Amino acid sequence: KKLTIQCAREELVKAYQSGKIIDLATIDEILALAKGAADRYKDKAADIGTRTHEAIDRWILGMDPKLEPDTKPGFDNFMRFLETEKLRVVMGDTNIASIKYKVGGRSDVYFEKSGKLILGDFKTGKALYDEATIQVGCYDVCTEETYNLKVDATVVLRLGKEVAGDFEPKWV
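Below is a summary of the structure that appears in this document.

Rules behind the numbers
- Residues numbered from 1 in each chain as written.
- Predicted model: local features only at pLDDT ≥ 70, side-chain atom pairs only at ≥ 80, totals over all residues.
- Heavy atoms only, no water.
- Helix = DSSP H or I, 4+ residues; strand = E, 2+ residues; numbered from the N terminus.
- Buried < 20%, exposed > 50% of the residue type's maximum accessible area, 1.4 Å probe, protein only.
- Contact = heavy atoms within 4.5 Å.
- Polar contact = N/O pair within 3.5 Å; in protein donor to acceptor, adjacent residues only side chain to side chain.

Looking at the secondary structure, you find D108 in the loop between strand 3 (103-107) and strand 4 (109-113). Classification of D108 as buried rests on a relative accessible area of 7%. For D108 and L119, which are 11 residues apart along the polypeptide, the C-alpha to C-alpha distance reads 8.0 Å. In contact with D108, not counting residues within four places along its chain, are H53, D57, G92, D93, G120, D121 and F122. Polar contacts involving the side chain of D108 include one to the side chain of H53, which spans 3.4 Å.

Time to look at the side chain of D121. Counting through the fold element by element, D121 comes out in strand 5 (residues 116-123). Among the polar contacts listed, one links the side chain of D121 to the side chain of K123, at a separation of 2.8 Å. Setting aside residues up to four positions removed in sequence, D121 forms contacts with D108, Q135, V136, Y139, V155, V156 and L157.

Spelled out as structure tokens, the structure:
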């Protein structure tokens, strides 16, 4: 809502400064443009998150991550997390499921540290939400059922998309 109002204001100012007559048609045009601003912003943010995930997946597979200016910060933050926590990547994006609980998904990454297996899930949003901790709990159960592997710890990792060093792990 705030973004929509901000967009409408910016467009009104631009129209006014350009000498455009601000009539009802112009106002309707600006409001229509502003209505879609929040959706466009969310879509763009989701796209950056998806492409950041893909870059990390490619790196895990030993491929060129194909970094772009808008995916480099998130990728670099993932690398800083690995260095900070002294983790070794064991495997990446993996299908997992539980027949018992009728649930499944794709875990983002598995790490190893001091002989312990750690399941990781990364998020590229502005905050970590409770659902993410529930998700990794489910992925823990699915990993054991699918691969007969005991997960020793789980981590949800928020990767900032704009600022270097902006990562937030939540160990569960």
